[in-house]
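# A closer look at the structure
Listed here are the chains, written in short residue letters.
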Amino acid sequence: MSGTTVGAPGGAGSGATGSGAAGPGDDGGPARRVLAVRLDSDGDVLLTGPAVVALGTGADGAPREVDLLVSPQGRAAAHLLPGVAEVRVEQVPWSGYAPAPADPAALQALVAWMAGRAHEEVVVFTSFHQSPLPMALLARLAGAPRVVGTSEDYPGSLLDVRHRRPGGADGSGGGHEVLAALDLVAATGRAVPGRPRLAVRADLVDAAERSLPAPPPGARGLVVLHPGASVPARAPSAAVAADAAATLVDDGWTVALTGSPAEAPLVADVRERASRAGPGAGGRLVDLAGATDLAGLAALLRRADAVVVGNTGPAHLAAAVGTPVVSLFSPVVPAERWAPWGVPTVLLGDQGAPCALSRARECPVPGHPCLQLDGRSVVEAVRSVVGVRPGGAAGSVERVAGSSAAGTRGGARP
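Residues numbered from 1 in each chain as written. Predicted model: local features only at pLDDT ≥ 70, side-chain atom pairs only at ≥ 80, totals over all residues. Heavy atoms only, no water.

## Notes on the sheet that holds strand β4 (residues 121-124)
Read across the sheet, 6 strands follow the order β3-β2-β1-β4-β5-β6 without closing on themselves; strand pairing throughout is parallel. Taken across any chain shown, the strands that pair with only one partner, and hence form the sheet edges, are β3 (86-89) and β6 (161-163). Averaged over all neighbouring strand pairs, the angle between strand axes comes to 15°, with direction disregarded. Pairing of strand β1 (residues 33-38) with β4, which is carried by 4 bridges, proceeds in the parallel orientation. Within β4, the position partnered with V37 by the bridge is V124. (Pairing = 2+ DSSP bridges. Helix = DSSP H or I, 4+ residues; strand = E, 2+ residues; numbered from the N terminus. Axes fitted to C-alpha atoms, helices over the stretch in contact; angles between N-to-C directions.)

See below:
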């Protein structure tokens, strides 16, 4: 039941939204439900979107309702995904950078909610370094008859389908996260798309777009520059971001600087530095930090000609609305797994830097050399992904209308 019950997010620990009542199945009986689990951040949830949609059809070809269990860090993206009947938000003690202590009452409430929803199948999506087994145990306590996950650890009787992902222990190899999630769905016996695309709910993005400010006149186009990241090692320095912003403005673009409310000081610093570097920027350098929710950011990204961003959630949100990405990609995790999916992309950054595959949260190398980029390289990358040749002539950029907010521009998957 795509998009019918996604509502305002609830609180962690009791965060179910939606109707809460069993809808009828095709035979007039109770709805057949599947629970998809992705307990990571917004970007991870977005990358799991095609797999969530694929779960909506069972191996028998009959429809399923798909509930989605996420962490508070993935709540906003969960409410944008198509194909979700109900969202549950839960802070669990085995996931996240600094998880809270285990709360027995909250975990018991989660088990009770799962039992009440009577999921016939629980599919646990994880990154390569995570285990599905804690969640699988809760699913068993809730009475789930079938539990599916990717696990290198011996699962005992916790998993009915134990999937294994290829690749190295350091995260190299094994394909993109979008494909890894779909491989897990395929292991359940379902059909999966051959050319998956990220998507978000167009109705929510359309509604958010109506409240966006009008773009300033007279510029070549709009570039969104998102300088922050939830993991500091995956973001450019303020100096690099400011140089990129100033050079883009000098090249004729309007640049919208975006960030969460917590990133507002960083964005203000970037804007100040860029304004000093290019005093004539005027109204073509716009600070929108904290000005939108995730649906509003999706609307802004959809409006943009290109997005300049590190390896963080807005890169995947841009891909979900079909906007080309210039990815300032720190190699602390492999680009083959985490690069923007399915849109024209230029990857900038030294992928062979000493920090490669370290999974570091703070850059372990003084000076953050992997992302020591100059503004001119960013401008050239932006021109490349939007088809603008030197001299300002625009090349053709395919724009395709669709029922979701994905794919508004052409571009083969990576």
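Structure shown, so let's carry the discussion forward.
## Let's talk about the pairing of β1
Burial within β1 is extensive, with 6 of its 6 residues counted as buried. Residues R33, L35 and V37 line one face of β1 and the alternating positions V34, A36 and R38 line the opposite face, and both faces are buried. Across 6 bridges, the pairing between β1 and strand β2 (residues 65-70) is parallel. Note that in β2 the partner of R33 across the bridge is E65. (Buried < 20%, exposed > 50% of the residue type's maximum accessible area, 1.4 Å probe, protein only.)

## What to know about the pattern of salt bridges
Counted under the stated rule, the structure contains 23 salt bridges. With a closest N to O distance of 3.4 Å, E86 and R117 form a salt bridge. Placement of E86 in strand β3 and of R117 in helix α4 (residues 104-117) is noted, with a sequence separation of 31 residues between them. As far as the burial class goes, E86 and R117 line up, both buried. In this structure, the salt-bridge partner of E121 is R146, at a minimum N-O distance of 2.8 Å. Taken together, the residues E121 in strand β4 and R146 in the loop between α5 (133-141) and β5 (147-150) connect sequence positions 25 residues apart. Judged by relative accessible area, which is 4%, E121 ranks as buried. Overall, the relative accessible area of 28% leaves R146 in the partly exposed class. One continuous salt-bridge network, built from bridges that share partners, spans R33, E65, D67, E86 and R117. (Salt bridge = Lys/Arg side-chain N within 4 Å of Asp/Glu carboxyl O.)

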